[in-house]
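Okay, here's what each chain looks like letter by letter:
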Amino acid sequence: MYPSVSIAHSKYHFSTFPAMPFPSKSYHGTFTFHSQIRFQAGASPSGSDAPPATIEEPVKERESTSEVDAVRPSAAPPVDKDLKKIVQKTAATFAPRASTKSKNPAVPGTALYTVFEVQGYASMLLGGALSFNLIFPSNEPDIWRLMGMWSIWMFTIPSLRARDCSKNEKEALNYLFLIIPLLNVMIPFVWKSFSVVWSADTIAFFVMYAWKLGWLQKTD
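Here the structure is a predicted model, which is why all the values come from computation and not from measurement.

Procedures and definitions
Residues numbered from 1 in each chain as written. Predicted model: local features only at pLDDT ≥ 70, side-chain atom pairs only at ≥ 80, totals over all residues. Heavy atoms only, no water. Helix = DSSP H or I, 4+ residues; strand = E, 2+ residues; numbered from the N terminus. Expected span 1.5 Å × (residues − 1). Bend = angle between axes of the 7 residues up to and from the residue. Buried < 20%, exposed > 50% of the residue type's maximum accessible area, 1.4 Å probe, protein only. Contact = heavy atoms within 4.5 Å. Axes fitted to C-alpha atoms, helices over the stretch in contact; angles between N-to-C directions. Parallel < 35°, antiparallel > 145°, perpendicular 65-115°, else oblique. Left-handed = near helix turned anticlockwise from the far one by under 90°. Nonpolar A, V, L, I, M, F, W, Y, C, P; charged D, E, K, R; others polar. UniProt positions renumbered as here; feature names shortened; annotations may be inferred.

**A short note on helix α6 (residues 167-190)**
Link 1 in the chain: Under the 1.5 Å per step criterion, the end-to-end length of α6 is 35 Å for 24 residues, consistent within 8% with the ideal 34 Å.
Link 2 in the chain: Remark: the principal bend of α6, roughly 25°, maps to F177, with a proline, P181, within the next four residues.
Link 3 in the chain: Here α6 has its buried residues at E169, E171, A172, L173, N174, Y175, L176, F177, I180, P181, N184 and I187.

**Let's talk about the side chain of S159**
Link 1 in the chain: Mapped onto the secondary structure, S159 falls in helix α5 (residues 151-161).
Link 2 in the chain: When near neighbours in sequence (up to four residues on either side) are disregarded, S159 contacts F116, Q119 and G120.

**A few points about α5**
Link 1 in the chain: Burial analysis of α5 places eight of its 11 residues in the buried class, which makes it a mostly covered element.
Link 2 in the chain: Listed in full, the buried residues belonging to α5 are S151, I152, T156, I157, P158, S159, L160 and R161.

**A closer look at the packing of helix α3 (residues 111-131) against α5**
Link 1 in the chain: α5 packs onto α3 with a crossing angle of 165° between their chain directions and a minimal axis gap of 7 Å. Relative to α5, α3 is oriented roughly antiparallel. Considering how the two elements wind past one another, α3 and α5 form a crossing that is left-handed. Contact residues: F116, E117, Q119, G120, Y121, S123, M124 and G127 in α3; S151, I152, F155, T156, S159 and L160 in α5.
Link 2 in the chain: Grouping the amino acids of the contact of α3 with α5 by side-chain chemistry returns six nonpolar, seven polar and one charged.

**Side note on the UniProt feature "transmembrane region" (unreviewed entry) in the protein**
Link 1 in the chain: Within this structure's numbering, the places UniProt gives as "transmembrane region" (unreviewed entry) are residues 172-191 and 197-216.
Link 2 in the chain: Annotated as residues 172-191, this span is 95% helix and 0% strand, and its ends, taken at the C-alpha atoms, are 26 Å apart.
Link 3 in the chain: Along residues 197-216 the backbone is 85% helical and 0% strand, and the end-to-end C-alpha distance reaches 25 Å.

Here's what the structure looks like:
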């Protein structure tokens, strides 16, 4: 059934008289305004009076709530994205980089790429031998053991960053360039050992690679 609409009209007559002592003029008029508008929807076919349907407002409230929920996730930027920008900017500022803006020739498959890769891992092994006092043994701390402790940060990471590596590996090396100096400075306050510091740097190196390169992710 179509909704029925009932409109009640009221007529009012008015006349105005001058309030000031001017030439007498009177105005008469009639105006009509709608005093009541009532809507009824869903009348039953049998003619029985059914309660009028009401329009509920919570729909608008649900719509507004959904709009707020849709906007809320975009309000807070992801922390990981900001951290990547900070690490990348810091590493690009302080880490060794190419002196020219030409394309990196150390692409995968070239001899230069292999040289940088072998140099990086060889310096890690040589630094371990120095920090464990296997080469140039000494009963006292010396420059050789100190270089062995810092070998990963001074030689391994710059050599691997010099290659044209993937984006994830570059991010891992950027993180390591900032994390390893913190480990090398803080660990001696707890344990004064060159070999322990080198071991912690090596563990951090492979953990970062496993995280960024997805070594531990299950493949379907």
